[in-house]
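Structural description and commentary
What follows is the residue order along each chain.
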Amino acid sequence: MLQNVERKMATHRVWTYASAVLLATVCSIFADQTVNPIVGVLFLHVLERGHYQEGFRSFQVTYGIITNTPITFSTNLDDHPDRPRWLRFTQRTAYHDGMLYGTPTSEDIGQRIIEVTAYNRKTYETTSQNIIINVEQTLGLKFPYQVEFFVKNRNVEEVLPFEVQKQFKDRVQSIWESNHLTIINITSALDRGGRVPLPIEGRKEGVYVKVGSRIPFPSCLEEEASPDEQCDDQQEPISCEDAFSPHFIIDWCNILLMDKSKPDIPDPDLVPGDGVLTDGGEYSPPSNSLEDRDYYLDYVVTITVPLVIALILCLILTYIMCCRREGIAKRDAKTSDIQLVHHHSIQDNACELRDLAKSRDGIRPLSTLPMFNARTGERAPPRLPFNYDTSRVPLVLDQQEPHSDPSPRNQPKTQQQKTGK
């Protein structure tokens, strides 16, 4: 008995220890992560799929077997459904890592908490992690000379990785001849109003890459950005093309140089006003309380006018249909007596003949019966009932009937001769 109790206690200790280790492992993996972006410098944080896969229960059941699981991410502020205005997120497919990127400004200084939720598209599992973003002010980092390039043969997720950023920066340094270059911002052309490319191999959406430095622009870039330079898509600039191609194809028609070393001079013609309307005086908004309005007259007009029109139309129609009719007496008065006598006599004779036809008895001759074959004398069932009014049936029906002789009858020669005589 004592041994059974000791076994249960030992088993309970093992399960407690294992649960504590597992909980500590999960908590250590998905603890809040802190990042420190700098104002005016590109910020990039990669959401690795393998990192969030460890938080799924299916991964823990399979004893840590990493598979190519489709995972999608959702990012938002801890207390809001969206992200800060300067922070963007991209993920090409469920089999690629997610990327949080953007360039904060001086207005974004402070702390923000971003909640990242990972979704397993196969098992419908979810896991989350908080990323604490502390935007810090730049300490002596100023980039008054900035150039924005448009890379035509890349998507935004292809330029964001640190290795690709370093390659692009090295090519800019080769023409700028400066080691103090910093990538300020990377923006997809779709965020600037660009069109989605066709699903054809080699078609890319395009990326805007802004690079800043403390050294003035090189002559190569100034020549290409000058307004006197004729932009020709077919003719690429010779002095700058070799530094970027073939890895980065730059659209030299969209290159933009921004010199912020000089302070902006306000327009002297622009005179701010005092905010008071000079023509009509001060603005007087309407009062909040609205006066009561009587809708009785509107109701009466809306109901009465259609009823009056309908009544007038009914009276006109009644006059036309009832008061404008001639009548039998008036029509007979306009007709001469001879015409009336002829009409009545014809009608009386027709009625008398019909009555006589109905009262006929006896067997009618075969020639007057319907469906009579004049050649064979064969009688067929009549198509009309026996009690049918036969007064309207002609005495001799059409002989071209189904039972009639289709061909003329050939008379004997003797009869033909007699007939000829």
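Residues numbered from 1 in each chain as written. Predicted model: local features only at pLDDT ≥ 70, side-chain atom pairs only at ≥ 80, totals over all residues. Heavy atoms only, no water.

So, about the overall build of the protein chain. For the protein chain, the helix and strand inventory stands at 11 helices and 11 strands. A total of 421 residues make up the protein chain; the buried ones form 28% of that total. Entry remark: accessible area of the protein chain is about 31,300 Å², with carbon and sulfur atoms responsible for 55%. (Helix = DSSP H or I, 4+ residues; strand = E, 2+ residues; numbered from the N terminus. Buried < 20%, exposed > 50% of the residue type's maximum accessible area, 1.4 Å probe, protein only. Areas by Shrake-Rupley, 256 points an atom, 1.4 Å probe, with all protein chains shown as cover.)

This part is about the sheet that holds strand β4 (residues 87-90). Spatially, β2-β5-β4 is the arrangement adopted by the three strands of the open sheet, whose pairing is antiparallel. Of all strands in the sheet, those with a lone pairing partner are β2 (43-47) and β4, marking the two edges. If you compare each strand with its neighbour and ignore which way they point, the axes differ by 20° on average. Here β4 runs beside strand β5 (residues 98-102); their pairing, made up of four bridges, is antiparallel. Residue pairing in the sheet places Thr-90 in a bridge with Met-99 of β5. (Pairing = 2+ DSSP bridges. Axes fitted to C-alpha atoms, helices over the stretch in contact; angles between N-to-C directions.)

Turning our eyes to something else, we now look at the nonpolar core. Counting residues in each nonpolar core, the largest one holds 32 residues, and the members touching the most others are Phe-149, Phe-168, Ile-186, Val-209, Leu-221 and Phe-244. Taken together, the elements giving at least two residues each to this core come down to β5, β8 (145-151), α4 (156-159), α5 (162-176), β9 (181-188), β10 (207-213), α6 (219-225) and α7 (238-244). Counting residues per element, this core draws most heavily on α5, at five residues. Residues contacting Leu-221, with those up to four places away along its chain left out, are Val-147, Phe-149, Ile-175, Trp-176, Cys-240, Trp-252, Ile-255 and Leu-257. Formed by 19 residues, the second largest nonpolar core is a distinct cluster that contains Val-35, Tyr-52, Leu-77 and Ile-131. (Core = buried A, V, L, I, M, F, W, Y, C linked by side-chain atoms within 4.5 Å. Contact = heavy atoms within 4.5 Å.)

Bringing the pattern of salt bridges into the picture now. Per the counting criterion, the structure on display carries nine salt bridges. With a closest N to O distance of 3.6 Å, Asp-108 and Arg-85 form a salt bridge. Taken together, the residues span a long stretch of sequence, with Asp-108 in the loop between β5 and β6 (110-120) and Arg-85 in the loop between β3 (71-77) and β4 at a distance of 23 residues. Its relative accessible area of 10% is what places Asp-108 among the buried residues. One salt bridge connects Glu-158 with Lys-204, and the closest N-O pair in it is separated by 3.0 Å. Of the two residues, Glu-158 sits in helix α4 while Lys-204 sits in the loop between β9 and β10, which places them 46 residues apart along the sequence. (Salt bridge = Lys/Arg side-chain N within 4 Å of Asp/Glu carboxyl O.)

A separate point is the side chain of Thr-69. Following the sequence through the fold, Thr-69 ends up in the loop between α3 (57-61) and β3. Owing to a relative accessible area of 7%, Thr-69 belongs among the buried residues under this scheme. In terms of polar contacts, Thr-69 uses its side chain to reach the side chain of Gln-53, at 3.4 Å. Beyond its immediate stretch of four places on either side in the chain, Thr-69 contacts Arg-49, Gln-53, Ala-94, Tyr-95 and Asn-120. (Polar contact = N/O pair within 3.5 Å; in protein donor to acceptor, adjacent residues only side chain to side chain.)

With that out of the way, let us pick up the pairing of β10. Two faces, one strand: in a regular strand the side chains alternate between the faces of the sheet. The buried fraction of β10 is high, at seven of seven residues. Sheet topology places β8 next to β10; seven bridges connect them, and they run antiparallel. Bridge pairing in β10 places Phe-149 opposite Val-209. Bridge analysis of β9 against β10 gives seven bridges, and the strand direction is antiparallel. The residue bridging Thr-182 from the neighbouring strand is Gly-212, located in β10.

If you check the backbone angles, Tyr-124 has positive phi at about 60° while not being a glycine. Relative to the helices and strands, Tyr-124 resides in the loop between β6 and β7 (126-135).

This brings us to α5. Across its 15 residues, α5 extends 20 Å between first and last C-alpha, which sits within 8% of the 21 Å expected from 1.5 Å per residue. What α5 keeps buried is the set Val-164, Gln-165, Phe-168, Arg-171, Val-172, Gln-173, Ile-175 and Trp-176. Where α5 terminates, the next one or two residues include Glu-177, which has phi positive at roughly 60°. (Expected span 1.5 Å × (residues − 1).)

The tally for this structure, following the rule as stated, stands at 11 aromatic pairs. Pairing Phe-149 with Phe-244 gives two aromatic rings, centres 5.6 Å apart and planes at 45°, and the pair type is tilted. Here Phe-244 lies in helix α7 and Phe-149 lies in strand β8, a separation of 95 residues in the sequence. Considering the side-chain rings of Trp-176 and Phe-217, the 5.9 Å spacing of their centres and the 45° angle between planes classify their relative orientation as tilted. Separated by 41 residues along the polypeptide, Trp-176 in helix α5 and Phe-217 in the loop between β10 and α6 bring together distant segments of the chain. (Phe/Tyr/Trp six-rings, centres within 6.5 Å; stacked < 30°, edge-to-face > 60°.)

Ordered by their spatial adjacency, four strands build an open sheet running β9-β10-β8-β11, and the pairing between neighbours is antiparallel. The strands lining the two open edges of the sheet, one partner per strand, are β9 and β11 (256-259). Put simply, the sheet's adjacent strands are angled 20° from each other on average, direction ignored. The strands that α5 touches are β8, β9 and β10; relative to β9, the one it contacts most, it runs at about 125°.

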